Amino acid sequence: MLDRVGFKKIDIENILGEGGYPQQAREIALKEGLLPSGLVNRLHSLYPRYSVLARTEKPMFTDQNSYTGVKGFRAVIGILEQNGINIGHIDERELFIEVYRFLATRHTLNCIDWQNYESDGVFQLVFPQPGMIRKGVAEKYVAAEKGKSRTRIAADYMQETNPHDGNQQLNKPWFKNEDGVLEVLAGSQHKYPQTQLIFDKSTQHCFSFCTYCFRHAQVRGDEDMFLQKDIDQVHDYLRLHKEITDILITGGDGGFMPAERLEQYVHPLFHDPELMHVRTVRLGTRSLTFQPEMILTRKYEKMLGLFDEMHDNGIQLAWMAHFSTPKEVLNPMTVAAVRRLQQHGVVIRSQSPMMKHISLFTHADGSVDIDKSAQNWIDLAQIMGTLHIGFHSMYCARPTGEHHYYTAPLADVAKVFDKVYRSLPSIARPSRYISMTTSAGKLSLLGLSEINGQTVFALKFNESRNMEWMDKVFHAKYNQETNDVNLLIPFEGDKFFFEEELAELEKELANSLKEAMESATSIHMDRTFQVDQSEQVDHAQIY
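Given the structure is predicted, the values throughout are model-derived calculations rather than measurements. (Residues numbered from 1 in each chain as written. Predicted model: local features only at pLDDT ≥ 70, side-chain atom pairs only at ≥ 80, totals over all residues. Heavy atoms only, no water.)

## Some details on helix α12 (residues 231-240)
Residues I231, Q233, V234, H235, Y237 and L238 constitute the buried set of α12. The N-cap of α12, judged by a side-chain oxygen 3.0 Å from the amide nitrogen of D232 a few residues on, is D230. (Buried < 20%, exposed > 50% of the residue type's maximum accessible area, 1.4 Å probe, protein only. Helix = DSSP H or I, 4+ residues; strand = E, 2+ residues; numbered from the N terminus. Polar contact = N/O pair within 3.5 Å; in protein donor to acceptor, adjacent residues only side chain to side chain.)

## Some words on the environment of M310
As for its placement among the helices and strands, M310 is situated in helix α15 (residues 301-312). According to the relative accessible area criterion, M310 is buried, its value standing at 0%. Separated by 43 residues in sequence, M310 and H267 have C-alpha atoms that sit 8.4 Å apart. In contact with M310, other than residues within four places in its own chain, are V266, F270, V281, I315 and L317. (Contact = heavy atoms within 4.5 Å.)

## Some details on the pairing of strand β14 (residues 454-464)
Summarising burial for β14: eight of the 11 residues are buried, a large majority. Looking at chain direction, strand β13 (residues 441-451) and β14 are connected through 10 bridges and run antiparallel. Across the sheet, the residue bridging to L448 is F457, located in β14. Where β13 hands over to β14, the hairpin turn is made up of two residues, of which N452 adopts a positive phi near 50 degrees. (Pairing = 2+ DSSP bridges.)

## Remarks on the sheet that holds strand β16 (residues 522-525)
Taken together, the three strands give an open sheet; going across it, the order is β3-β4-β16, and neighbouring strands pair in mixed fashion. The open sheet is flanked by β3 (174-176) and β16, the only strands paired with a single partner. The mean angle between the axes of side-by-side strands here comes to 20 degrees, regardless of whether they run parallel or antiparallel. Across four bridges, the pairing between strand β4 (residues 181-184) and β16 is parallel. Counterpart to L182 in the pairing with β16 is I523. The sheet contacts of α12 involve β3, β4 and β16, and relative to β3 the element is tilted by about 80 degrees. (Axes fitted to C-alpha atoms, helices over the stretch in contact; angles between N-to-C directions.)

## Quick look at unusual backbone geometry
Its identity is not glycine, yet H89 carries a phi of approximately 55 degrees, on the positive side. Positive phi is not limited to glycine here, since N452 has a value of about 50 degrees. Looking at the secondary structure, you find N452 in the loop between β13 and β14.

## As for the pairing of strand β5 (residues 188-192)
Within β5, five of the five residues are buried, leaving the element largely enclosed by the surrounding structure. As paired strands, β5 and strand β6 (residues 195-199) are joined by three bridges and run antiparallel to one another. Looking at β6, one finds that S188 is bridged to I198. The loop that links β5 with its antiparallel partner β6 comprises two residues.

## Considering the packing of aromatic side chains
A complete count under the given rule lists 32 aromatic pairs for this structure. Their ring planes at 40 degrees and their centres at 6.1 Å tell us that W114 and Y117 sit as a pair that is tilted. We note that W114, like Y117, is buried. What links up through ring pairs into an aromatic cluster is the set F61, Y67, F73, F102, W114, Y117, F123 and F127. Residue placement shows R150 over the ring face of Y141; its charged tip is 4.9 Å from the ring centre. Here R429 stacks its cationic end above the ring of Y421, 4.8 Å away from the centre of that ring. (Phe/Tyr/Trp six-rings, centres within 6.5 Å; stacked < 30°, edge-to-face > 60°. Lys NZ or Arg CZ within 6 Å of the ring centre and 35° of its normal.)

## Quick notes on the side chain of E94
The topology assignment puts E94 in helix α6 (residues 90-100). Once you skip the residues sitting within four places of it in the chain, E94 turns out to touch V70, F73, R74 and Y141.

## Some points on the environment of P36
Checked against the element boundaries, P36 lands in the loop between α3 (23-31) and α4 (37-46). Its relative accessible area of 28% is what places P36 among the partly exposed residues. With 37 residues separating them in the primary sequence, P36 and F73 have C-alpha atoms 36 Å apart.

## Focus: the side chain of R261
Looking at the element boundaries, R261 is found in helix α13 (residues 259-271). Polar contacts involving the side chain of R261 include one to the side chain of D200, which spans 2.9 Å. With residues near it in sequence (within four places) discarded, R261 still touches D200, K201, S202, Q228, K229 and I231.

## Concerning the environment of L275
Inspection of the secondary structure assignment puts L275 in the loop between α13 and β8 (280-284). Exposure remark for L275: the relative accessible area of 0% places this residue in the buried category. In this structure the C-alpha to C-alpha distance between L275 and Y192, which are 83 residues apart in sequence, comes to 18 Å. Setting aside its immediate chain neighbours within four residues, L275 contacts H235, L238, R239, P268 and L269.

## Considerations on the packing of helix α5 (residues 69-82) against α6
Relative orientation of the contacting elements α5 and α6 amounts to 145 degrees, with a least axis distance of 10 Å. You can see that α5 and α6 cross each other, and the crossing is right-handed. Across the interface between the two elements, G69, V70, F73, R74 and I77 of α5 pack against I90, R93, E94 and I97 of α6. (Left-handed = near helix turned anticlockwise from the far one by under 90°.)

## Quick word on the packing of helix α9 (residues 135-143) against helix α10 (residues 148-158)
Between α9 and α10, the shortest axis-to-axis distance is 8 Å and the interhelical angle comes to 160 degrees. As judged from the angle between their axes, α9 and α10 are roughly antiparallel. When the axes of α9 and α10 are compared, the crossing they make is left-handed. Note on element contacts: α10 touches α9 through R150, I153 and Y157, opposite V137, K140, Y141 and V142. Split by residue class, the contact of α9 with α10 holds five nonpolar, no polar and two charged. (Parallel < 35°, antiparallel > 145°, perpendicular 65-115°, else oblique. Nonpolar A, V, L, I, M, F, W, Y, C, P; charged D, E, K, R; others polar.)

## Some points on the nonpolar core
One finds W114, F127, V281, L288, F307, W319 and L341 to be the most contacted residues of the largest nonpolar core, which totals 151 residues. With near-sequence residues (within four places) excluded, W319 lies in contact with L283, T285, S287, L288, I295, Y300, F307, L341, V346, V347, I348 and R349. (Core = buried A, V, L, I, M, F, W, Y, C linked by side-chain atoms within 4.5 Å.)

And the structure:
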């Protein structure tokens, strides 16, 4: 294929100088050899329709690092209009912003193809779209007087948005200390034995807000959000739970954590024999999509030094990225940032949702375009392989936020996944079958099967509240339209094999915490809440 298309010879130094990239990022990329010509030429020549690796025109957005909230959205609209671009539906888009918020970085905005923005996956990823919020609510909002009347409509609708799907509040860990004090880890979840999720106080912000956000309670600062302030409390819990091998720092965005804060988490792992069972620290972050320049600064070198320490002490730093489209990767800043992290022992993996309009595409009649959708993921997988990024997983839209806008029938999603899986060499395939999140666990859709002449969905857990559930393949009735795993119906009987036990486990989780609270001498639970994320965040101050 390379012989057929030919290499485009790219002058990296000229591209960096003319493309409007930050000066410090340009200097580091060149000095550290992060953009070798052979790699850049190969990627651009193979995937020119996604690539901005050869861009030399001045970017449209240059005046600030990020644009936040309604005010930032209006500033973006103003810049677009100055350049002859009118995206329309402004009032309806602002309704979405009042409900879920808006944040787009300069980097993200400049990666969008503004000549074809309506079909651009990154545009769909960060810009609210007409039709997301149901028609009656949108019409009422647009007709209302600007100000308090509109805000009241948005606040009422916010109550319908289901920010904690999958009974996440049941996953909050706790223990009693030596003094009988009940320690509740308000900013953690421990649902599966090997992995503890940590929503640290420093990771509550995001570099950009995904319009399908699964964590909008964190984004907008809801009172029932998860927030971990006490690191010692985390270590005490880890000492009691030797089954935990991985801690996953998430948010918000785990990339917001300063080096000094991460150091407090990981240094005890080097020296405390009671913490030797923790082998991996995962960082859940989309900074490589939204703010890769952060990694290409001299301030970030302290974090890179900490990554070196972790590598030398046998702790894997797994950078869990969320790439959904090839164009998120094929720009000089992201390629350079990926390679800089890898030079310091960081293992990068990508786990991504399959979302209509972003990474699932439709025909004119609204049906899923299987071939086009699959090609997006096939190309992404090959690009990630070239950059030594592991393809961890693909998963279905969760029933939260504007689920109806992004979701597609599971039958069609399965067809897309099957084509992706069989089209890739084994080393480039996702490490698990497409998964769906439920209170019971992460459920894999293995594909279609046939029982007594009837087509059925074949299912298997890849994570579950009872890990023994993972050993069994089971079946659900086939339905061409079902788009939510919670709506699947057992092929035989009126319940799936795990449902009765799940109900008991959920009841036990709720009751055990209640009983512990009643018997405790006192309760320690951090109730510090994050400020509304619609406030402006200066990403340049992080690193």
